[in-house]
Structure formats: structure tokens, C-alpha cells
Amino acid sequence: MGLIKLAFVIMKIIITILLLIGSANVYCAANEDIDALLYRFSQAKITESCRLFNQLLKTQSTKQIDGLSEFLIDFWTAEAEKQGYTLEDFAKECVTTTNNYTEFLQAMESIRERSEKNVKLQ
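Note that the structure is predicted; figures quoted are calculated from it, not measured.

*Asks:* Please give an account of the overall build of the protein that cites residues and values.
*Replies:* Counting its secondary structure elements, the protein contains four helices and zero strands. Its helices and strands in sequence order give the protein the pattern α-α-α-α, from N to C terminus. Relative to its 122 residues, the protein shows a buried fraction of 22%. With an accessible surface of roughly 8800 Å², the protein has 60% of that area assigned to carbon and sulfur atoms.

Spelled out as C-alpha cells, the structure:
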């Protein structure tokens, strides 16, 4: 069970960091659409949950820890239900949300790079 506790601690740290970064962005971008920011935060949260979900499944598939498969199914079924999903729908949503969030991060990186180039030109 130590692996699971560690995974949840890591997930909480990541979410906290994302919230802190987002708080600074909200403060700096007063004209930004708050609903869009909240949507991105929810995508970040779901994406990190999905990554943790996948990592735990990979770990179990290689380590075959007794009882962990049943625990993971029970735990993630409950977590999916909290968000209004079945476990299968949650897994499908993971693919969509992770892809959307990755595209968003790539777009932000591209904007940052163009901004840095513009600053250097001036």
C-alpha cells in the first residue's frame, strides 16, 4: 500500500503546484475568461488523475501485487463515479482529456516561444 500512498501524495503536490501557478495567472490576466481557466484547471486535474491511473495499472501489470488489482478497480470505480462516469467512460475520457490538455500546453509553449523571439527582436 506504500506505493499507492506515495502516488496520492505526488498527485496532491502536482495539483497544488498547478493551482498555485494558475492563481498567479489569474491575477496577471485580469481580462482572461475565468470559465476558460477553470476548464483548463479541471483538465489538468483529470489529466494528472489519468496519468496516475495509467501508472498504477502499469505497475500492477509488471509487479502483480496481491490484492492490488481489486483495490485499483474499486478505488478508481468510486473516483470515476464521483465525476459522473463509469470506469470505462472515465478511461475513455482520460484519452480525450489528456490529448486536449497536451495540445493546450503545446499551444502555450508555442506562444511563449514566439513571445521570447519578439522580445529578442526589440
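More follows now that the structure is in view.
*Asks:* Tell me about the packing of aromatic side chains, and name the residues and values.
*Replies:* What the rule picks out here adds up to seven aromatic pairs. Considering the side-chain rings of W76 and F90, the 5.9 Å spacing of their centres and the 20° angle between planes classify their relative orientation as stacked. Remark: F90 occurs in helix 4 (residues 87-121) and W76 occurs in helix 3 (residues 68-82); sequence separation between them is 14 residues. Of the two residues, W76 and F90, neither departs from the other in class, the shared state being buried. In textbook terms, an aromatic cluster arises when at least three aromatic residues are bridged by ring pairs, as seen for F53, F71, F75, W76, Y85 and F90.

*Asks:* Break down helix 3 for me, with residues and values.
*Replies:* Taking 1.5 Å per residue, 15 residues should reach 21 Å; helix 3 reaches 21 Å between its end C-alpha atoms and fits that length. For helix 3, the full list of buried residues reads L68, L72, W76 and A80. Across the axial projection of helix 3, the buried residues extend over an arc of 90°, all falling on one side. Exposed and facing more than 90 degrees away from the buried side of helix 3 are D74, E81 and K82. Downstream of helix 3 by one or two residues, G84 has phi in the positive range, about 85°.

*Asks:* Go over the nonpolar core, please, and point to the residues and values.
*Replies:* Core analysis: the biggest nonpolar cluster contains twelve residues, these being I4, I46, C50, L52, F53, L56, L68, L72, W76, A80, F90 and C94. Those elements that place two or more of their residues in this core are helix 2 (34-63), helix 3 and helix 4. The leading source of residues in this core is helix 2, at five residues.

*Asks:* Explain the confidence of the model for the protein to me, and be specific about the residues and the numbers.
*Replies:* On average, residues of the protein carry a pLDDT of 77, and 71% of them reach 70 or more. Mean pLDDT values for the elements of the protein range from 61 in helix 1 (residues 2-28) up to 88 in helix 3.

*Asks:* Give a detailed account of the packing of helix 2 against helix 3, specifying residues and quantitative values.
*Replies:* For the pair helix 2 and helix 3, interaxial distance at closest approach is 10 Å and the crossing angle is 165°. Taken together, the axes of helix 2 and helix 3 are roughly antiparallel relative to one another. In the packing of helix 2 onto helix 3, the handedness of the crossing is left-handed. Contacts between helix 2 and helix 3 involve S49, L52, F53, L56, L57 and Q60 from the first element and L68, S69, L72 and W76 from the second. Class assignment for the residues of the contact of helix 2 with helix 3 results in seven nonpolar, three polar and no charged.

*Asks:* Let's hear about the state of the cysteines: which residues, and what values?
*Replies:* Considering all chains together, one arrives at one disulfide under this definition. Across a sulfur-sulfur distance of 2.0 Å, C50 and C94 are joined as a disulfide pair. In this structure the cystine formed by C50 and C94 twists about its S-S bond by roughly -85°; its chirality is therefore left-handed. Taken together, the residues span a long stretch of sequence, with C50 in helix 2 and C94 in helix 4 at a distance of 44 residues. Here C50 and C94 have matching classes, each one buried.

Rules used throughout
- Residues numbered from 1 in each chain as written.
- Predicted model: local features only at pLDDT ≥ 70, side-chain atom pairs only at ≥ 80, totals over all residues.
- Heavy atoms only, no water.
- Helix = DSSP H or I, 4+ residues; strand = E, 2+ residues; numbered from the N terminus.
- Buried < 20%, exposed > 50% of the residue type's maximum accessible area, 1.4 Å probe, protein only.
- Areas by Shrake-Rupley, 256 points an atom, 1.4 Å probe, with all protein chains shown as cover.
- Phe/Tyr/Trp six-rings, centres within 6.5 Å; stacked < 30°, edge-to-face > 60°.
- Expected span 1.5 Å × (residues − 1).
- Arc of directions from axis to C-beta.
- Core = buried A, V, L, I, M, F, W, Y, C linked by side-chain atoms within 4.5 Å.
- pLDDT = per-residue confidence, 0-100.
- Axes fitted to C-alpha atoms, helices over the stretch in contact; angles between N-to-C directions.
- Parallel < 35°, antiparallel > 145°, perpendicular 65-115°, else oblique.
- Left-handed = near helix turned anticlockwise from the far one by under 90°.
- Contact = heavy atoms within 4.5 Å.
- Nonpolar A, V, L, I, M, F, W, Y, C, P; charged D, E, K, R; others polar.
- Disulfide = S-S within 2.5 Å.

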